[in-house]
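Below, each chain spelled out in residue letters.
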Number of protein chains: 2
Amino acid sequence: MSAGAPYIARRPKRADGARNYDAILAAARKAFESDGAEASLEEIAAQAGVAIGTLYRHFPNRASLVEAATRDGLGDLVELARRLSDAPDPLEALIEWMRHAVRHFSTFRGLVGILAQSMYDEGTPSHEMCNAMHESGAALLRAAQRAGRVRADLTPEEMFDLLTGVAWVRENAPADRDRTDRLLRLILEGLTTRTPHPA
Amino acid sequence: MSAGAPYIARRPKRADGARNYDAILAAARKAFESDGAEASLEEIAAQAGVAIGTLYRHFPNRASLVEAATRDGLGDLVELARRLSDAPDPLEALIEWMRHAVRHFSTFRGLVGILAQSMYDEGTPSHEMCNAMHESGAALLRAAQRAGRVRADLTPEEMFDLLTGVAWVRENAPADRDRTDRLLRLILEGLTTRTPHPA
DNA sequence: ACCTGAACACCGTTCAAGT
DNA sequence: ACCTGAACACCGTTCAAGT
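Residues numbered from 1 in each chain as written. Chains lettered and ligands numbered in written order. Predicted model: local features only at pLDDT ≥ 70, side-chain atom pairs only at ≥ 80, totals over all residues. Heavy atoms only, no water.

A.B. asks: Is there a simple way to think about the environment of G123 of chain A in this case?
C.D. replies: Residues and elements named next belong to chain A. Inspection of the secondary structure puts G123 in the loop between α6 (111-120) and α7 (127-146). When its relative accessible area of 33% is taken as the criterion, G123 is described as partly exposed. In this structure the C-alpha to C-alpha distance between G123 and V102, which are 21 residues apart in sequence, comes to 24 Å. (Helix = DSSP H or I, 4+ residues; strand = E, 2+ residues; numbered from the N terminus. Buried < 20%, exposed > 50% of the residue type's maximum accessible area, 1.4 Å probe, protein only.)

Here's what the structure looks like:
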């Protein structure tokens, strides 16, 4: 289905190349934040002070640029899950992670759609990182379920459907993003068990 | 903020105009369904057998075309709410309506984003219809709450946030849309009260 | 290896000319 | 009143020429 391995951008070794690479990434993050994932590539190049061809040399397609711009955030989620894995309260740990996940997924308009696709499509640059993130979240879910704090029949896929849904609402409600917390809480109250009981 | 009243397309009286209007709408619905709300307008015009100028004459902007293509579906939701308003079980009525709402919101990719904006922004062609739809759904929610079947602190806005979130997931999961039903059920179990009690 | 920017392609949008 | 399609603008993408 997908034509070969997806292109993953790599920071060049040569000084001028590395400098441009960084400048493009910084400009891209800014542009994505204000204009969404469909931000003008020409504007990004101009903002970074390079010609459009240089942008394409480092990032041959939009997906590779988005991937590079959000790679660290995804990695942070994996790292956060690792730190939370030995927390005393597995439900609190899961909720804490979910909050961070929703926040990262809605870093800018259009990101959550890209991530949702990446989670299941191998032909996408961020597929590997998404898999790792998915697995790290699933582990926290399983721990909370083992402790009898979350309904046992909730699958990781369903959890991510809920998380991406909330993230999308957040993406599209920049006015008062606080209500997203309330939304997550509403959903969680339905997912958690009333009285703790082992599986 | 918004520049005057938003343009609402109206079906022309003259025979050739009316015929083209209908042809464009039919082509647009098809194109939206397969390519999403960003479908090529030139392709739609070609498919309808008219020149691009004719499309623009009837629908001066994309928003007016989307509005016209989805107007009936929104109206159906209002009508459905009216019919369900005297159902014996107000919770079942609400759930039935929610299912239809999610399905309409995810008629094609990109629609739910447009609707979410229209719900709160007056400068949008479908604002009026969205308001009516919003109010009709809110009435069903209030009835279920009066009967003590839904938690009393859930606002209509929160309900629509949840509905649009689920609709977005459905939009982006064309592979197995059935899981959306499960998603809605998961959320509902959290929103409904365990034992009925009057407000 | 990397950079530049002109050239090409595509598509949205407008408008003068026509019926 | 309505239709046509050429013309313009904008932007994504490629590539030959340069360092």
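A.B. asks: Help me out: how do you make sense of the environment of S106 of chain B in this one?
C.D. replies: Residue and element names in this part refer to chain B. With respect to the helices, strands and loops of the structure, S106 is situated in the loop between α5 (90-105) and α6 (111-120). Along the sequence, S106 and A167 sit 61 residues apart, while their C-alpha atoms lie 5.3 Å from each other. Among the polar contacts made by the side chain of S106, one reaches the main-chain carbonyl oxygen of V102 at a distance of 2.8 Å. (Polar contact = N/O pair within 3.5 Å; in protein donor to acceptor, adjacent residues only side chain to side chain.)

A.B. asks: In this structure, what is going on with the pattern of salt bridges? I would like to understand it.
C.D. replies: When the charged atoms of two side chains with opposite charge come close together, those side chains can pair. Residues and elements named next belong to chain B. Using the criterion set out here, one finds 24 salt bridges over all chains in the structure. R11 serves as the salt-bridge partner of D22, at 2.6 Å between the closest nitrogen and oxygen. Of the two residues, D22 sits in helix α1 (residues 15-35) while R11 sits in the segment before α1, which places them 11 residues apart along the sequence. (Salt bridge = Lys/Arg side-chain N within 4 Å of Asp/Glu carboxyl O.)

A.B. asks: What am I meant to see in the interface of chain A and chain B here?
C.D. replies: The parts lose accessible area when they come together, and the size of an interface is often stated as this lost area. Listed as interface residues are 23 residues of chain A and, on the opposing side, 23 residues of chain B. Roughly 2,100 Å² of surface becomes buried between chain A and chain B when both sides are summed, with 58% attributable to carbon and sulfur atoms. Our count for the chain A to chain B interface comes out at 8 salt bridges. For R179 of chain B, the salt bridge identified is with D161 of chain A, shortest N-O distance 2.9 Å. Linking chain A with chain B are 8 residue pairs in polar contact (both at pLDDT 80 or more), by the criterion used here. For the side of chain A that touches chain B, the leading source of residues is helix α9 (residues 179-191) of chain A, giving 8 residues. (Contact = heavy atoms within 4.5 Å. Buried area = accessible area lost by both parts, 1.4 Å probe.)

A.B. asks: Can you walk me through the protein's contact with DNA strand D in this structure?
C.D. replies: Around DNA strand D, 19 residues are found, and the nearest of them are Y56 of chain A together with R14, N20, G53 and T54 of chain B. Backbone atoms, meaning sugar and phosphate, form 64% of the atoms of DNA strand D found within 4 Å of the protein. E42 of chain A places a polar side-chain atom, nitrogen or oxygen, 3.3 Å from a base nitrogen of DNA strand D. Taking R57 of chain B, its side chain carries an N or O atom lying 3.2 Å from a phosphate oxygen of DNA strand D. Looking at the surface near DNA strand D, the elements that each hand over two or more residues are α2 (41-48) and α3 (52-58) of chain A together with α1 and α3 (52-58) of chain B. Each residue belonging to the surface near DNA strand D can be placed in one class, and the counts come to 7 nonpolar, 7 polar and 5 charged. (Near = heavy atom within 4 Å. Nonpolar A, V, L, I, M, F, W, Y, C, P; charged D, E, K, R; others polar.)

A.B. asks: Looking at this model, I keep getting lost on the UniProt feature "DNA-binding region" (unreviewed entry) in chain A. Mind explaining?
C.D. replies: When the UniProt feature table is mapped to this numbering, "DNA-binding region" (unreviewed entry) covers residues 40-59 of chain A. Here residues 40-59 of chain A runs as 75% helix and 0% strand, with 14 Å between its end C-alpha atoms. (UniProt positions renumbered as here; feature names shortened; annotations may be inferred.)

A.B. asks: Mind showing me how you'd approach the packing of α1 of chain B against helix α4 (residues 62-84) of chain B here?
C.D. replies: Working note: a packed helix pair is described by the angle between its axes plus the distance between those axes. Residue and element names in this part refer to chain B. Here α1 crosses α4 at 90 degrees, and the two axes come no closer than 10 Å. In terms of axis orientation, α1 runs roughly perpendicular to α4. Touching Y21, I24, L25, A28, R29 and F32 of α1 are R62, L65, V66, A68, A69, R71 and D72, all from α4. Within the contact of α1 with α4, the residues separate by chemical class into 9 nonpolar, no polar and 4 charged. (Axes fitted to C-alpha atoms, helices over the stretch in contact; angles between N-to-C directions. Parallel < 35°, antiparallel > 145°, perpendicular 65-115°, else oblique.)

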